Every structure is written in C-alpha cells, then in structure tokens.
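What the coordinates show
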Amino acid sequence: YEFTLQNNRFDKVFSEYSYPLPSEIKNIPLRELKGAVSSDGIVYFLYPGGGWLFEYRGNSISRIDESFPHRNQFSGYFFIYKNIPYLMGGYGYWKSNSLLTRFNFQSKEWDYIETRGQVPELGVNAGSFVVEGDILYVFDFYQKINDVDVKNNNTYELNLNSLMWKKKGSLNRLFYDDINR
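Here's what I pulled together on the structure shown here.

Procedures and definitions
Residues numbered from 1 in each chain as written. Predicted model: local features only at pLDDT ≥ 70, side-chain atom pairs only at ≥ 80, totals over all residues. Heavy atoms only, no water. Helix = DSSP H or I, 4+ residues; strand = E, 2+ residues; numbered from the N terminus. Contact = heavy atoms within 4.5 Å. Pairing = 2+ DSSP bridges. Salt bridge = Lys/Arg side-chain N within 4 Å of Asp/Glu carboxyl O. Buried < 20%, exposed > 50% of the residue type's maximum accessible area, 1.4 Å probe, protein only. Core = buried A, V, L, I, M, F, W, Y, C linked by side-chain atoms within 4.5 Å.

**Considerations on the side chain of Asn 125**
Relative to the assigned elements, Asn 125 resides in the loop between strand 11 (116–117) and strand 12 (128–132). The contacts of Asn 125, once residues within four sequence positions are left out, are Phe 74, Ser 75, Gly 90, Tyr 91, Ser 96, Phe 141, Tyr 142 and Asp 149.

**Observations regarding the sheet that holds strand 12**
Spatial ordering of the open sheet is given by 11-17-16-13-12, a layout of 5 strands whose pairing is mixed. Bordering the open sheet on either side are strand 11 and strand 12, each of which pairs with just one other strand. Sheet topology note: the strand 13 (residues 135–139)/strand 16 (residues 154–159) ladder contains 4 bridges and is antiparallel. Residue pairing in the sheet places Val 138 in a bridge with Tyr 156 of strand 16.

**Looking at the pattern of salt bridges**
Counted under the stated rule, the structure contains 6 salt bridges. Across the salt bridge formed by Asp 65 and Arg 63, the nearest N and O atoms sit 2.8 Å from each other. Exposure remark for Asp 65: the relative accessible area of 7% places this residue in the buried category. Arg 63 gets classed as partly exposed once you look at its relative accessible area, which sits at 26%. Residue Asp 140 is joined to Lys 151 by a salt bridge in which the shortest nitrogen-to-oxygen separation is 2.5 Å. Note that Asp 140 is positioned in the loop between strand 13 and strand 14 (141–145) and Lys 151 in strand 15 (residues 148–152), a separation of 11 residues in sequence.

**Looking at the environment of Arg 116**
Relative to the assigned elements, Arg 116 resides in strand 11. The class of Arg 116 is partly exposed, set by a relative accessible area of 44%. Apart from residues no more than four positions distant in its own chain, Arg 116 is found in contact with Ser 162, Leu 163, Met 164 and Trp 165.

**Quick notes on the nonpolar core**
Formed by 16 residues in total, the largest nonpolar core has its most connected members in Phe 79, Met 88, Leu 100, Leu 136, Val 138 and Leu 158. Elements that contribute at least two residues to this core include exactly strand 7 (77–81), strand 8 (84–92), strand 13 and strand 16. The contact partners of Met 88, leaving out residues within four places of it in the chain, are Gln 73, Gly 76, Tyr 77, Phe 79, Ser 98, Leu 99, Leu 100, Phe 129, Leu 136, Leu 158 and Trp 165. In terms of nonpolar packing, the next biggest core, distinct from the first, is built from 11 residues, Phe 78, Ile 80, Leu 87 and Trp 110 among them.

**Remarks on the pairing of strand 1 (residues 2–6)**
Where strand 1 lies against strand 2 (residues 9–13), 5 bridges are found, and the strand directions are antiparallel. Bridge pairing in strand 2 places Phe 3 opposite Lys 12. Counting the residues between successive antiparallel strands, the hairpin from strand 1 to strand 2 contains 2 residues, one of them, Asn 7, with a positive phi of roughly 50 degrees.

Put into structure tokens, the structure is as follows:
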C-alpha cells in the first residue's frame, strides 16, 4: 500500500510490486531498513549498519549501489540533503563514531565526508537529529566508553555546507529526571 496525506486525510492505494524484492533484503523485515524520502518523492531504504542502498520507484524496490554492508553505522541517522542520501554517526565494530558518509550516484558507492570543528570525539549513537536548512542538529545521543553506552547531554550542530561542527551547549539533566518522574 502507498499512503499519501491529502487535505488532512490519508489516501490508501494498493499496487502490486512490479518485480520481486531484491535478494539482499528478502529475509530482512522491512521495518529494519532505514527509510528517507527526497524532495522529488524518491523513497530510499538503507541496509542496517549502512552500505546497501535501495530505491522504491515504479512499484518496486531495487538496489542502486555497488557497495557492501558496512556494518559500522548501526543506529546512525539516515537523511536526505539536497536530494542526496547521507548517513551520520552510529555504532559498529565495538565503538560509536561521528562518520558522515554521502552516497555518490556516479560511483554508486558511499563517500566518507571529512568534517572539522568541534566534532563529537566519542561518536554519535542512537541520537535525536533535526535538519533545518543547511544545519544538522544532534542531541540526546549515546557514546561508547569502555564498552558501556553513556548518555551525552551536549547539543551539536553540523553545517552541511561548510562541514563544520559547533558544540552549542548541553541539555539540562533535570529535563530527563522530570520526564522519568
């Protein structure tokens, strides 16, 4: 089914798949894939941990990359910026990271994008993310310290044009305590 929101109501349309699911995801529940939609309406699905990239178009899902399952960005943030898929942070190979990768449609591979500034040193794992304009806000995330997940209360922003990180402050710990109470 495809659901669209029109005039404050959902329209539901059923369409048969044009082709079978790609073999790489036949045994994976679709909820395990990360999804993102570009401004031109293309739906992308990312394999858990990064790497394999799929596109939903014309009632079918097809693999569009020539990559491999990276397995180093589980719980990373998959998003679209200027109609290009990106993956930020995550966890893999026993550590959290602050990697920023971008899909290259020409090479059909993921490119590592070097960032500068006040990069979260111990990584960004399972956080909260907001993209507003050219800024990616990162907060409420975890970092691996001595193989233990530790909450980081800091808020960061990454300018996606200049690729510069800035630490913006920290969240008040009382905020979480009030929610728990």
